[in-house]
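Residue-level structure breakdown
So the chains spell out like this:
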Amino acid sequence: MRVFHKLEEVKKIKKPIVTIGTFDGVHLGHQKIIKKIIEEAKKVGGESVLLTFYPHPRMVLYPKNHGLQLLQTQKEKLNSLKETGIDNVIILPFSMEFSRMPAWNFVRDILVNSIGVHTLVIGYDHQFGKNREGNISYLHDISESFNFKVIEISAEEVNDVNVSSTKIRNALFKGNVDIPKNYLGRPFLISGKVVKGDGIGAKIGFPTANISIIDDTKLIPQNGVYGVLTTQKNKEFYGLMNIGTRPSIQTKRVEQRIEVYLLDFNRDIYGEWMEIKLLKRIRSENKFDSLEALKKQIIKDEITMRNFLGIDY
């Protein structure tokens, strides 16, 4: 998969079959659309192309109240897109100036002159350009003049995409990891850098990796304890992850943290990048009267996770 971050970087793409969108989550609905453009590309001996934007348009248009809680960071999305088999991803920098570009200029300058679109696969309700003046009817009207084909994504398919995204988010807000897995076709993923914490976990025999999430628009599931499968340096390890404010530990600052305790693991991983797949919600976050009581609960959590995995304690 080739990734282009500027139009000036775009190298010759053979008969580009293009779709446009944010594709947050790259869930099964998105995968269906990508499969469609890949199939169309094969028919004409061309290449599949996803045209997307970064930062997310809402972050630019509504910087103070965009309200975004995205299923994926940009890095996570690119990794998921690579797995679909798509040939090219073009990430256009989104700005206020870009948002004011008339629909005609977008089609002529970007789709036609820069990308050389052969076929545009687009949703029936897609709108673009200054004042959202461009739509599917507009594209049908001008496509012949610019010598490209338009394939409309049906209302049913578009609704499937929107419903899937909503159901995934709502489930994660409630701590449900099974519904997202069904709609994503894979476990929900959190990724970040391992940073130093307070060392309290190590004191009670359960050293944890504190995870720093770089992108503050990333959706974090409901606070609680989860059974997880982690990957770092291409090696996988099972573990327990706590998302929460650690109410059992007396601190002056109340802040949400993500901490992972890895099973059967003993290595310094500070500074490493960790990917965390959520496999099972084990319990809500609770406040314990003492660190000893917390330790006993973690032992129970580990037994629950090992029973779930079918491995010995």
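Notes on the structure follow. Computed from a predicted structure; not experimentally measured.

Rules and cut-offs
Residues numbered from 1 in each chain as written. Predicted model: local features only at pLDDT ≥ 70, side-chain atom pairs only at ≥ 80, totals over all residues. Heavy atoms only, no water. Pairing = 2+ DSSP bridges. Helix = DSSP H or I, 4+ residues; strand = E, 2+ residues; numbered from the N terminus. Axes fitted to C-alpha atoms, helices over the stretch in contact; angles between N-to-C directions. Expected span 1.5 Å × (residues − 1). Buried < 20%, exposed > 50% of the residue type's maximum accessible area, 1.4 Å probe, protein only. Arc of directions from axis to C-beta. Contact = heavy atoms within 4.5 Å. Core = buried A, V, L, I, M, F, W, Y, C linked by side-chain atoms within 4.5 Å. Salt bridge = Lys/Arg side-chain N within 4 Å of Asp/Glu carboxyl O.

In space, the six strands of this closed barrel follow the order β7-β8-β11-β10-β9-β12, with antiparallel pairing throughout. Strand-to-strand twist in this sheet, taken as the mean axis angle between neighbours without regard to direction, amounts to 45 degrees. Where strand β7 (residues 189–195) and strand β12 (residues 273–283) come together, five bridges link them in antiparallel fashion. The residue bridging S191 from the neighbouring strand is E275, located in β12.

Across nine bridges, strand β9 (residues 224–232) lies against strand β10 (residues 235–244) in antiparallel orientation. In the strand pairing of β10, G224 is matched with I243. Joining the antiparallel neighbours β9 and β10 is a turn of two residues, in which K233 adopts a positive phi near 50 degrees. Both β10 and strand β11 (residues 257–262) contribute to a ladder of six bridges, which runs antiparallel.

For helix α5 (residues 103–115), built from 13 residues, the straight-helix expectation of 18 Å at 1.5 Å per residue is missed by more than 12%, its first-to-last C-alpha distance being only 16 Å. All buried positions along α5 are accounted for by A103, F106, V107, I110, L111, V112 and I115. Viewed end-on, α5 has its buried residues packed into an arc of 155 degrees, placing them on one side of the element. Each element contacted by the buried residues of α5 is listed here: β2 (16–20), β3 (47–54), β4 (88–93), α4 (96–99), β5 (119–123) and α6 (136–146). One or two steps after α5, the chain reaches G116, where phi turns positive at roughly 75 degrees.

Right, let's get into the nonpolar core. Among the nonpolar cores identified, the biggest contains 30 residues, and I20, L51, I90, V107, L120 and F148 are the most heavily contacted of them. At the level of secondary structure, the elements contributing two or more residues to this core comprise β2, β3, β4, α5, β5 and α6. Top element by residues in this core is α5. It accounts for seven residues. Excluding residues that lie within four positions of it along the chain, I20 makes contacts with L50, L51, F53, F106, L111, L120, V121, I122 and H126. Counting 23 residues, the second-largest nonpolar core is a separate cluster that includes I168, V177, V194 and V260.

This part covers the pattern of salt bridges. Tallied over the full model, the rule gives twelve salt bridges. With a closest N to O distance of 2.5 Å, R169 and D24 form a salt bridge. Residue R169 is found in helix α7 (residues 155–173), and its partner D24 is found in the loop between β2 and α1 (28–44); the two are separated by 145 residues along the sequence. For R169, a relative accessible area of 21% puts it in the partly exposed group. The shortest N-O distance in the salt bridge between R257 and E255 comes to 3.4 Å. Judged by relative accessible area, which is 16%, R257 ranks as buried. By relative accessible area, which is 30% here, E255 ends up partly exposed. Residues joined by salt bridges that share partners form a network here, namely K233, R267 and E272.

Each regular strand displays side chains that alternate between the two surfaces of the sheet. Two elements, β7 and strand β8 (residues 209–212), share three bridges in a ladder whose sense is antiparallel. Bridge pairing links V194 to I211 in β8. As paired strands, β8 and β11 are joined by two bridges and run antiparallel to one another. Each bridged residue has a counterpart across the sheet, and for N210 the counterpart in β11 is E259.

Right, let's talk about the environment of L61 for a bit. Here L61 is to be found in helix α2 (residues 57–61). When the C-alpha atoms of L61 and S95 are compared, they prove to be 8.3 Å apart, with 34 residues separating the residues in sequence.

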